[in-house]
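Here is how the chains run, residue by residue.
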Amino acid sequence: MSVATTTAREVTRAISSGRSKDKNVGSLVFLGALWFSLFFGVMVLLVLIVDTAVKGAPRFDSELLTNYGSIVRPESTGFRAGILGSLWLMLFTALFAVPLGIAAALYLEEFADKERWWNRLIEVNLQNLAAVPAIVYGLLAVAVMALMGFNTTGIVLGGAIALALLILPVIIITTREAVRAVPQDIRQGSLALGATVWQTTWRQTLPSAIPGIATGTILGLSRAIGEAAPLVVVGLAGSVLFDPTGVMSEITALPMQIYSLTSNSQEDLRTAASAAIIVLLIMILGLNALAIFIRNKFQKTW
Amino acid sequence: MNRTSVRRALVPGMAVLALALSACGGGDAGSDGGGDSVSGKVAVDGSSTVYPMSVAAQELLAEESPKVKVTVGESGTGGGFEAFCADKTDISDASRPIKDEEAAICEEAGIEYTELQVATDALTMVVNKDLDVDCLTVDQIIKLWGPDSKVKNWKELDPSFPDQEIKLFGPGTDSGTYDYMAADVIGAESETTRSDYESSEDDNVLVQGVGGTEGATGYFGYTYYEENTDTLKALAIDSGDGCVEPSAETAQDGSYTPLARPLFVYVNNAKYNDNKAVAAYVDFYIENLSDIAEVGKFIPLSDELYSETQTALEGIKG
């Protein structure tokens, strides 16, 4: 996407295909080290996934998706409450985080005066916020809920606020990159034809940046769906045996159920947890695939 | 050109519309239509040790009255009381009685509660059948399992013990059994035990390990020992008043300390009387207590203790 990665990729391609003139020992050793790093990372991931899939294999059945959790009949326990809870959380996380994130990014990129100290402060803080541990956002969400006057926090709203806060920096940063990638010519053309800055942003810049924004947003959401720590802090219950019915409904989430069951002393429940990990993985891969699809389908080149 | 710009304006427009819709949607979840059976919400939180029991009660009740919507959390006994005394939960699970300072917070908030004992949790220290050791003092347990322990031979614990290398087995650090041993029995500040032992979350692995290894010792929940008395020997525990063998009786009468402890649920009196769902859940819990304790692998209450719990339950009804 960025200039730096593209250049690096071209150079590496040239070396690996032997087209490079630069064939000394040093560069070959470096290439070997790169290949090893790649191999190591992929192998660890592969071993982990295969190991989990093998452990969970006995429970790849429809009951895993349609049954509620069961401690009385561990052999047919399911993750219906967690899966539905996670889906509801994703929906409301997106509804909270996406408009806020895009608006913030547009302001910073198109309207803010970058010379002002407060805008620079916001910028530095955004980078820092993206690196804050997830659990801190859970605490923040509890505080927000208390300020809003809610007594019960283990509901869709509380979890969605925590996750929205968590992915907000990610969305802002990726949206800014996408907006920045829109060529200056388009803005200048629009302004030259008499459009205001707002009209230019709304009708030209933002629509052109949508593929990048969508990709960033979905990647942010796929990070959020795997989080358990902030949801524990928010107070989501571990065991819920009914479907969510609204934003004020008590829920549990798939990663929380998995976390709780992986250390259970009953083998059947641990097997089910392994199978649920694969379900979660499929959900995340599905989101990522959607992001790739949107990027490829709508990406423009100038 | 013109058409493109319309379509481009539509996309962000839709995002805003979606936000506006979300503000309208959602809302009423609390009010279920009144049916003939009981309906309503019950919030349970607290000890992760009692959690399996409260979940079992939740699950069995859901089969009978699906309209009673129970949520059970496991944020620990302390965290449970914090929420309970802030009026956020209706019922609090606890693996120890409420502390004075916690009770003071509850009192300040005007929350009246009733303590119900639901089961007894007991650890059992076991050794290989062939080992000539029958009783350990609490100090010896701490010396053997403490976080800084370097004990490698039974002789180091007591000169009268056989000259035999010790092989240790125990549950992993995630389990409630481990927490009980580390925090309550050993009571070291770090709340850990020594770490150089064979660990498994599966108690059956521990049973096989201790049963099949010379000089081995380990600990796990009492009910697992009960199922495996043929391959294991339980150690009696001396906490100052002589050696006490582990059994359901000694665990419940308090003589098998510190390896046995009562488990409680705390019920908010006002919620019990005002919210029919809370009453339905608690009544069901106590009615089916022995089945529920079995699911959680705890020692069910003796008849005497059970009638005490029933009396306490009667006392809530105002």
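Cut-offs and rules
- Residues numbered from 1 in each chain as written.
- Chains lettered and ligands numbered in written order.
- Predicted model: local features only at pLDDT ≥ 70, side-chain atom pairs only at ≥ 80, totals over all residues.
- Heavy atoms only, no water.
- Helix = DSSP H or I, 4+ residues; strand = E, 2+ residues; numbered from the N terminus.
- Buried < 20%, exposed > 50% of the residue type's maximum accessible area, 1.4 Å probe, protein only.
- Contact = heavy atoms within 4.5 Å.
- Areas by Shrake-Rupley, 256 points an atom, 1.4 Å probe, with all protein chains shown as cover.
- Domains from an automatic or database assignment.
- Buried area = accessible area lost by both parts, 1.4 Å probe.
- Polar contact = N/O pair within 3.5 Å; in protein donor to acceptor, adjacent residues only side chain to side chain.
- Nonpolar A, V, L, I, M, F, W, Y, C, P; charged D, E, K, R; others polar.
- Salt bridge = Lys/Arg side-chain N within 4 Å of Asp/Glu carboxyl O.
- Lys, Arg positive; Asp, Glu negative; His and termini not counted.

Moving on: the overall build of chain B. For chain B, the count of helices and strands is 14 helices and twelve strands. Taking all 318 residues of chain B together, 49% fall into the buried category. For chain B, contacts bridging at least 24 residues in sequence account for 73% of all contacts bridging at least 6. Total accessible area computed for chain B in this model is approximately 14800 Å², and 48% of it derives from carbon and sulfur atoms.

Moving on, we come to the domain arrangement of chain A. Residue and element names in this part refer to chain A. The domain boundaries assigned to chain A delineate domain 1 (3–59) and domain 2 (81–298). The partner domain 2 presents seven residues to the seven residues of domain 1 that form the contact. Both sides together, the interface formed by domain 1 and domain 2 hides about 530 Å², and carbon and sulfur atoms give 82% of it. If you look at where domain 1 meets domain 2, you find zero residue pairs in polar contact (both at pLDDT 80 or more). For the side of domain 1 that touches domain 2, the class distribution of residues is three nonpolar, two polar and two charged.

Residues and elements named next belong to chain A. A full pass over the atoms with the stated rule returns 20 salt bridges over all chains. The partner of Asp243 in a salt bridge is Arg80, and the shortest N-O contact between them spans 2.7 Å. Within this pair, whereas Asp243 is found in the loop between strand E1 (239–240) and helix H11 (254–262), its partner Arg80 is found in helix H4 (residues 80–111), the two being separated by 163 residues in sequence. With relative accessibility at 23%, the residue Asp243 sits in the partly exposed group. The partly exposed category is assigned to Arg80, whose relative accessible area is 27%. A salt bridge links Arg187 to Glu110; the shortest N-O distance between them is 2.9 Å.

This next bit is on the side chain of Asp45(B). Residue and element names in this part refer to chain B. The residue Asp45 is located in strand E1 (residues 40–46) in this model. This buried residue, Asp45, is left without a salt bridge; Lys88 holds the nearest opposite charge, at 9.6 Å. The residues touching Asp45, leaving out its near neighbours within four places in the chain, are Gly73, Glu74, Ser75, Gly80, Thr89, Ile91, Ser92 and Asp93.

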